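# Working through the structure, step by step
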Amino acid sequence: MQSTTDIVKPAGFDLILFGGTGDLAWRKLMPALFQAFRHGSLPEGGRIIGVARDDLSDAQYRSLIASRFRDVEGPKQPSAAEFDRFAALLHYVRMDLSKAEDYQRLAATLAERQAATVVMYVATAPGLFTTVVEQLAAAGLNTPHTRVVLEKPLGHDLESNRAINESVARVFGERQVFRIDHYLGKPSVQNLFALRFGNALFEPLWRRETIANIQITIAEDLGVEKRGNFYDSTGALRDMVQNHALQLLCAIAMEPPINAHADAIRDEKLKVLRSLKAWTPETLSQHVIRGQYSAGNSGGKAVPGYLQEAGVPAGSSTETYVALRTEIENWRWAGVPFYIRTGKRLASREAHIVVNFRPTPHPIFKAPIGAANKLVINLQPRDGLELHLLAEGQAQRNTGAHLGGSSVATQTLAPVQLDLDFDKRFGNERVGAYERLLLDVIDGRLNLFVRSDEQEEAWHWVQPILENWDAGFAPPRPYAAGTWGPSAASAMIARDGHCWSEEA
Ligand code: BG6
């Protein structure tokens, strides 16, 4: 909810990347840091210190990271001179994260210069979070100007999440802890906050009296790719619903915060999570659909099913799809269904929130069945808004016998839409999610990070679903890759008299 122009440059920073040769650093963090460098928003004189077990010199680490950018195409590819300037920021420290003496070596590297801000970015397996944090404290590296960034998943259930948060709280104050949910860094999600809290237009309509239902979709067309092993112990509920989808739900349903400060925003999100309808055995079986993709066709080519993917154990019951229905029990939303769905190997890659308004109370025109206003907030691949209205389609003469014989025109309405494409309007070279969030950490802004109580509340809400599945209920329903998921998800929403957006 801040503009990109209010980024303050601190005097200097050390960013320590635990997992410096890992998948996240490779795919997301290094490209984001490079973009920040290119945009001139990385504070001068900073160091990015990769940490991993491999025995590498600074020079070897730089050339490893250089190879990351070699196959980048188009304008995002750095020139050799540009990369050299960026590479000057890169350093490397070899560490075994379980060994106290290795943290002493890191401490010695950090003591070479007293950076204004020290960021410990823990992009490792979550099983190591507690070890890293405790060892940082033992080495005296939890100073007041240290910030720690924790990547999801933070735990695999409520209990493990609490354990991590408690061990972190023993070492760092809550204001030093930056729990990343990269969806909050997406420009489209910033726009959602701007739409709701920067405009007065929709607020009077944003309530149960006018809204019939809200649908949140995060669909991916890719499968689990090379992450079969990791994914199998995670599944769609933990990977996407507990964090990204619930954060979107909070953004769409929260009350206006009293200001744009981190705690004001997080207090309101927490209230939404606390108001989510508690699960019952009946809603667990009727309102949660669990799916797993089988072989099918994606993007015109045959693709294997989840069970055939590398790293996935035979007979796995891990879900690659979840659709669910919930309600928010407060005055604004009571009785309005909120539907969430997410999955891999679906028909296309798209994320959007559809706000379906109620139809007019008394129709005087002819209109297509079920036609009503809707607001579509497109999150990706394009970032934009569509407002669906009804306008005159064609006028038909009518003798109007029922109106005393006078002749009236019966108008037939047709759907039309107003489109706003933010990529076209603002250019699609906007600050990316990780770039935005990394700069926020360096600058100490917590607005777009998740507080521990919020995160625990989200785990608390998904926990009964996990327990239901662990008890052997609701084994995943198969759906063919390249489709919109199990038909049971359509049946679930149809029972309420609604349908998913692509079925309308
Ligand atoms: C990550 C999940 O958090 O989000 C991945 O672990 C998923 O499984 C990814 O693919 C989706 O992010 P985006 O930004 O591509 O929608």
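Overview of the structure. Keep in mind that this is a model prediction, so the values were computed, not measured.

### Some details on the site of the ligand
If you check the shell around the ligand, you find K152, H182, Y183, K186, E220, R227, D239, M240, H244, K344, R349 and Q380 and nothing else. With respect to the ligand, the side chain of H244 contributes an N or O atom lying 2.7 Å from an oxygen atom. Between the ligand and R349, the relevant distance is 3.4 Å, taken from an oxygen atom to a side-chain nitrogen or oxygen of the residue. Considering the ligand on its own, with 390 Å² of exposed area, one finds that the protein chains cover 83% of that surface. The greatest single-element share of the shell around the ligand, amounting to 3 residues, is contributed by helix 9 (residues 235-253). Of the residues in the shell around the ligand, the class split is 2 nonpolar, 3 polar and 7 charged.

### Observations concerning the nonpolar core
Counting residues in each nonpolar core, the largest one holds 116 residues, and the members touching the most others are M30, L42, I48, F86, Y121, I252 and I377. Not counting residues within four places of it along the chain, the set of residues in contact with L42 comprises F13, L33, A36, F37, I48, L89, L439 and I442. Among the nonpolar cores identified, the runner-up in size contains 29 residues, and V51, A139, L154 and V171 belong to it.

### Digging into the pairing of strand 5 (residues 146-150)
Counting buried positions along strand 5 yields 5 of 5 residues, so the element is predominantly enclosed. Both faces of strand 5 are covered, namely the face carrying T146, V148 and L150 and the face carrying R147 and V149. In the classification by handedness, the crossover that spans strand 4 (residues 117-122), the intervening helix 5 (residues 129-138) and the parallel strand 5 is right-handed. After leaving strand 5, the chain enters helix 6 (residues 158-171) and then returns to the sheet as strand 6 (residues 177-179), a path that is right-handed.

### Here we look at the sheet that holds strand 6
Ordered in space as 3-2-1-4-5-6, the 6 strands form an open sheet in which the pairing is parallel. Every interior strand has two partners, whereas the edge strands, strand 3 (90-94) and strand 6, have only one. Each neighbouring strand pair of the sheet contributes to a mean axis angle of 20°, computed without reference to strand direction. With 5 bridges connecting them, strand 1 (residues 13-18) and strand 2 (residues 47-52) associate as parallel partners.

### A closer look at the pairing of strand 1
The buried fraction of strand 1 is high, at 6 of 6 residues. When strand 1 meets strand 4, the two strands line up parallel, connected through 6 bridges. For L17, the partnering residue across the bridge sits in strand 4 and is Y121. This β-α-β element, strand 1 to helix 1 (residues 23-38) to strand 2, shows right-handed connectivity.

Definitions and cut-offs
Residues numbered from 1 in each chain as written. Predicted model: local features only at pLDDT ≥ 70, side-chain atom pairs only at ≥ 80, totals over all residues. Heavy atoms only, no water. Near = heavy atom within 4 Å. Polar contact = N/O pair within 3.5 Å; in protein donor to acceptor, adjacent residues only side chain to side chain. Areas by Shrake-Rupley, 256 points an atom, 1.4 Å probe, with all protein chains shown as cover. Helix = DSSP H or I, 4+ residues; strand = E, 2+ residues; numbered from the N terminus. Nonpolar A, V, L, I, M, F, W, Y, C, P; charged D, E, K, R; others polar. Core = buried A, V, L, I, M, F, W, Y, C linked by side-chain atoms within 4.5 Å. Buried < 20%, exposed > 50% of the residue type's maximum accessible area, 1.4 Å probe, protein only. Contact = heavy atoms within 4.5 Å. Right-handed = clockwise from strand over helix to strand, strands pointing away. Pairing = 2+ DSSP bridges. Axes fitted to C-alpha atoms, helices over the stretch in contact; angles between N-to-C directions.

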